[in-house]
Amino acid sequence: MREVVFRRGVPEDAAAIAELEILCFSSPWSRDALEKELTENPVARYFIGEAEGRTVAYAGLWLVVDQGHIINVAVHPAFRRQGLGKALIREMLRQTDQEGVTAYTLEVRLSNAAALALYQGFDFYVAGIRKNYYEEPVEDALILWRGSPDGEAKHIL
Ligand SMILES: CC(C)(COP(=O)(O)OP(=O)(O)OC[C@H]1O[C@@H](n2cnc3c(N)ncnc32)[C@H](O)[C@@H]1OP(=O)(O)O)[C@@H](O)C(=O)NCCC(=O)NCCS
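Cut-offs applied
- Residues numbered from 1 in each chain as written.
- Predicted model: local features only at pLDDT ≥ 70, side-chain atom pairs only at ≥ 80, totals over all residues.
- Heavy atoms only, no water.
- Phe/Tyr/Trp six-rings, centres within 6.5 Å; stacked < 30°, edge-to-face > 60°.
- Helix = DSSP H or I, 4+ residues; strand = E, 2+ residues; numbered from the N terminus.
- Buried < 20%, exposed > 50% of the residue type's maximum accessible area, 1.4 Å probe, protein only.
- Pairing = 2+ DSSP bridges.
- Domains from an automatic or database assignment.
- Contact = heavy atoms within 4.5 Å.
- Buried area = accessible area lost by both parts, 1.4 Å probe.
- Salt bridge = Lys/Arg side-chain N within 4 Å of Asp/Glu carboxyl O.
- Polar contact = N/O pair within 3.5 Å; in protein donor to acceptor, adjacent residues only side chain to side chain.
- Nonpolar A, V, L, I, M, F, W, Y, C, P; charged D, E, K, R; others polar.

A. The arrangement of the packing of aromatic side chains in detail. Evaluated as defined, the whole model comprises 3 aromatic pairs. Between Tyr46 and Tyr58, the aromatic rings sit 6.1 Å apart at their centres with planes inclined by 10°, giving stacked as the arrangement. Of this pair, Tyr46 sits in strand β2 (residues 44-51) while Tyr58 is found in strand β3 (residues 54-64), placing the two residues 12 residues apart along the sequence. Judged by its relative accessible area of 3%, Tyr46 is buried. Measuring from ring centre to ring centre gives 5.2 Å for Tyr119 and Phe124, while their planes differ by 65°; the resulting arrangement is edge-to-face.

B. Inspection of the environment of Gly83 at higher detail. Mapped onto the fold, Gly83 is located in the loop between β4 (67-75) and α3 (84-97). Residues Gly83 and Leu118 lie 35 residues apart in sequence; the distance between their C-alpha atoms is 9.7 Å.

C. Representation of the pairing of strand β7 (residues 139-146) in the model. Here β7 lies mainly inside the structure; 7 of its 8 residues are buried. When strand β5 (residues 103-109) meets β7, the two strands line up antiparallel, connected through 6 bridges. In the sheet register, Tyr104 faces β7, and the bridge partner there is Arg146. Between the end of strand β6 (residues 125-134) and the start of β7, which pair antiparallel, lie 4 residues, with Glu136 showing a positive phi angle near 50°.

D. Layout of the domain arrangement of the protein chain. What the domain assignment lists for the protein chain is domain 1 (1-98) and domain 2 (102-157). Taking only C-alpha atoms into account, the centre of domain 1 sits 19 Å from that of domain 2. The partner domain 2 presents 15 residues to the 16 residues of domain 1 that form the contact. Across the domain 1 to domain 2 interface the summed buried area is about 1300 Å²; carbon plus sulfur atoms make up 57%. For the pair domain 1 and domain 2, the number of links is 0 salt bridges. The interface formed by domain 1 and domain 2 holds 8 residue pairs in polar contact (both at pLDDT 80 or more) in total. Taken together, the residues that form the side of domain 1 that touches domain 2 break down as 5 nonpolar, 7 polar and 4 charged.

Rendered as structure tokens:
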């Protein structure tokens, strides 16, 4: 992996994150929405990966009591398949574990094989499906969990 430094996201990161969003998602978050997240949302935690002097990866999560709801994880296309996504998630889990998170969840497109493989490597499991959750293109979401919301893991797929 190229040399990458991880740090917590701050409001000044909104523009760089918005650029990554455009590169990585068909329905990107806007710079305004990200600025609000980083300034006004007390439960939001953002993590930035920097390499070669620029932002090349980010992850965002909401702390909901003792659960971590992962909002987005993205790696710049030119920096993929080098272990950066794995390192970013490891860092996010390490820091939010320290804040008392005992279980994590997120939605992911059914067809997103890269993300599914990445999360399975961290013991996330498929707990359900949200039909037609995504737009552009319309697609089902898989609901992943790591740990359990009620202390009892249920693998349905
Ligand atoms: C998903 C994503 C974050 C992975 O980032 P990355 O830096 O390339 O991931 P890593 O190099 O750390 O790979 C970690 C593991 O993920 C899996 N993986 C990553 N890319 C993959 C691909 N294209 N196909 C299959 N598995 C893949 C592999 O298991 C890999 O482990 P390995 O390299 O030991 O085989 C990146 O592809 C991305 O930003 N995609 C677009 C945005 C997105 O889909 N985000 C997730 C939404 S929930």
